[in-house]
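Chain and residue survey
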Amino acid sequence: MLRAYKQTLINPVVFEGIGLHSGKKSKVTILPNEEANGIVFKRVDLQKNNTIVADYKNVSSTTLSTTLMNQHGVKVSTVEHLLAALFIVGVDCAKIEIDSEEVPIMDGSAKEFISVLRNIKLKKLNKQIKYIKVLEKIELIDGERKIEISPKDTFEVDFELKFENKIIGNQRNNINFQSENLSEVEESRTFCLYEDIKKIKKMGLAKGGNLDNAIVVDKDKIINNNGLRNKKEFVNHKILDLAGDFFLSNYRILGSVYCFQGGHQFSNLFLHKLLKQKNKYKIFVLGSNLEKNRIYFKSNLKLAANA
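Computed from a predicted model, the values in this text were never measured in an experiment.

What counts, and at which threshold
Residues numbered from 1 in each chain as written. Predicted model: local features only at pLDDT ≥ 70, side-chain atom pairs only at ≥ 80, totals over all residues. Heavy atoms only, no water. Axes fitted to C-alpha atoms, helices over the stretch in contact; angles between N-to-C directions. Helix = DSSP H or I, 4+ residues; strand = E, 2+ residues; numbered from the N terminus. Left-handed = near helix turned anticlockwise from the far one by under 90°. Contact = heavy atoms within 4.5 Å. Nonpolar A, V, L, I, M, F, W, Y, C, P; charged D, E, K, R; others polar. Pairing = 2+ DSSP bridges. Parallel < 35°, antiparallel > 145°, perpendicular 65-115°, else oblique. Buried < 20%, exposed > 50% of the residue type's maximum accessible area, 1.4 Å probe, protein only. Salt bridge = Lys/Arg side-chain N within 4 Å of Asp/Glu carboxyl O. Core = buried A, V, L, I, M, F, W, Y, C linked by side-chain atoms within 4.5 Å. Expected span 1.5 Å × (residues − 1).

1. Considering the packing of helix 5 (residues 233–246) against helix 6 (residues 264–276)
Between two packed helices, both the angle of their axes relative to each other and the distance between the axes serve to describe the pair. Running from N to C, helix 5 and helix 6 point in directions that differ by 35°, and their axes come no closer than 10 Å. Pair helix 5 / helix 6 crosses with right-handed handedness. In this structure, helix 5 uses Asp-241, Leu-242, Asp-245 and Phe-246 to contact helix 6, whose residues at the interface are His-264, Ser-267, Phe-270 and Leu-271. Among the residues forming the contact of helix 5 with helix 6, the class breakdown is 4 nonpolar, 2 polar and 2 charged.

2. A look at the sheet that holds strand 4 (residues 39–43)
Pairing between sheet strands relies on hydrogen bonds along the backbone, with the strands arranged either parallel or antiparallel. Taken in spatial order, the 5 strands make up an open sheet running 2-3-9-4-5, and their pairing is mixed. Each end of this open sheet is capped by a strand with a single partner; those strands are strand 2 (13–18) and strand 5 (51–53). Put simply, the sheet's adjacent strands are angled 20° from each other on average, direction ignored. Bridging between strand 4 and strand 9 (residues 94–98) involves 5 bridges; their strand directions are parallel. For Val-40, the partnering residue across the bridge sits in strand 9 and is Lys-95. Strand contacts of helix 1 (residues 80–89): strand 3 (25–31), strand 4 and strand 9, with the helix running at about 145° to strand 4, the strand carrying the most contacts.

3. Some remarks on the packing of helix 1 against helix 5
Two elements in contact, helix 1 and helix 5, have axes whose closest approach is 7 Å; the angle formed by their N-to-C orientations is 80°. If you check the angle between helix 1 and helix 5, you find them roughly perpendicular. When helix 1 is examined against helix 5, the residues Glu-80, His-81, Leu-83, Ala-84, Phe-87 and Ile-88 are found in contact with a partner set consisting of His-237, Leu-240, Asp-241, Ala-243, Gly-244 and Asp-245. Class assignment of the residues belonging to the contact of helix 1 with helix 5 gives a composition of 6 nonpolar, 3 polar and 3 charged.

4. Considering the pairing of strand 9
Residues of strand 9 alternate between two faces, with Ala-94, Ile-96 and Ile-98 buried on one and Lys-95 and Glu-97 left unburied on the opposite face. Here strand 3 pairs with strand 9 via 4 bridges, running antiparallel. The partner of Thr-29 across the bridge, within strand 9, is Glu-97.

5. Some details on the pattern of salt bridges
One pass over the structure, following the stated rule, counts 17 salt bridges. Of the charged contacts, one joins Arg-3 and Asp-92 as a salt bridge, the two residues approaching to 2.8 Å between their closest N and O atoms. Pair noted here: Arg-3 is in the segment before strand 1 (5–9) and Asp-92 is in the loop between helix 1 and strand 9, with a separation of 89 residues, a long-range link. Classification of Arg-3 as partly exposed rests on a relative accessible area of 25%. Owing to a relative accessible area of 9%, Asp-92 belongs among the buried residues under this scheme. Across the pair Lys-123 and Glu-34 runs a salt bridge whose closest N-O atoms are separated by 3.0 Å. Here Glu-34 lies in the loop between strand 3 and strand 4 and Lys-123 lies in strand 10 (residues 122–128), a separation of 89 residues in the sequence. What makes Lys-123 partly exposed here is its relative accessible area of 34%. A relative accessible area of 53% means that Glu-34 is categorised as exposed. Through salt bridges that share partners, Lys-137, Glu-139, Lys-146 and Glu-148 make up one connected network.

6. Looking at the nonpolar core
Of all hydrophobic cores here, the largest spans 71 residues; its most connected members are Ile-30, Phe-41, Leu-117 and Phe-177. At 8 residues, helix 1 tops the list of elements feeding residues into this core. The residues touching Leu-117, leaving out its near neighbours within four places in the chain, are Leu-9, Val-13, Phe-15, Ile-30, Ala-85, Leu-86 and Val-89. One finds Tyr-131, Leu-254, Phe-284 and Leu-286 within the second-largest nonpolar core, a separate group that totals 7 residues.

7. Focus: helix 6
In this model, helix 6 (13 residues) spans 19 Å end to end at C-alpha, consistent with the 18 Å of a helix rising 1.5 Å per residue. When we look at burial in helix 6, the residues that qualify are His-264, Phe-266, Ser-267, Asn-268, Phe-270, Leu-271, Leu-274 and Leu-275.

8. Notes on the sheet that holds strand 8 (residues 75–77)
One open sheet holds the 3 strands; their spatial order is 6-7-8, and the pairing between them is antiparallel. Every interior strand has two partners, whereas the edge strands, strand 6 (59–61) and strand 8, have only one. Strand-to-strand twist in this sheet, taken as the mean axis angle between neighbours without regard to direction, amounts to 35°. Pairing analysis gives 2 bridges linking strand 6 to strand 7 (residues 67–69), with the strands arranged antiparallel. If you follow Ser-61 over to strand 7, its bridge partner there is Thr-67.

9. Regarding the environment of Glu-195
Here Glu-195 lies in the loop between strand 16 (191–193) and helix 4 (197–202). On a C-alpha basis, the gap between Glu-195 and Asp-218 in space is 7.1 Å, while along the polypeptide they are 23 residues apart.

Interpretation in functional terms is not warranted from these geometric data alone.
Pasting the structure below:
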């Protein structure tokens, strides 16, 4: 059943780690947000103009991660895994203090964020959740890339990957975020090809990348000692990324998403298109008479790297 009201944390929670691309240590403190104005980042290492609203319109870069920027040019990057974690555990509103430009990568997935957040009590706020219910199919096609959303009463993601590398190969998975065990999506890590590491380093990225926070594939083998965490870890990580990027819509979206060869940039472009197609979706909230409003659930760069 859909939740009627937004939620926030009751108590603060702290994460510390290294930034995947910056290589710098950072500390993130997630605080309650009873103002119920969504997810707001605050760069506590800066004295002014330091708040950045988590909104798809504030995405300034999608090169191997999602970066948000405010009107003053202040940024926070690699936000997608943390946003996916908040989306999955049901945190709609939070103030996130961070003492650096990049959210720590942790183990390269959302697992560490979620394992802590699930042990924090949530508080119902006196503000209703706004849902988008897709009424007609909306699609975006760019060459071989495609993303579309069709009517459905849940949020479902069907993602298809196609890589020449035979270890990654062709993978496809379909995840219903309301009815399925999401553990394999939550634990799936960012990945890259060994042959692309030099290119990425030349771009000034992946300074904090290592085998503890990313899967590295070298031709016909995975370099990481323990291999994959699940058989579809590559595509499951892309599903995790998409969930985090879609949370920037500031709505809870109901629809069936199909994505082929997508990524951060394509997800953001699609949100811009989706939210302009106002005749193809409706926005609704659940009123006080829930019986009348109930919907039930069943129980830029061709680099093989992906934050």
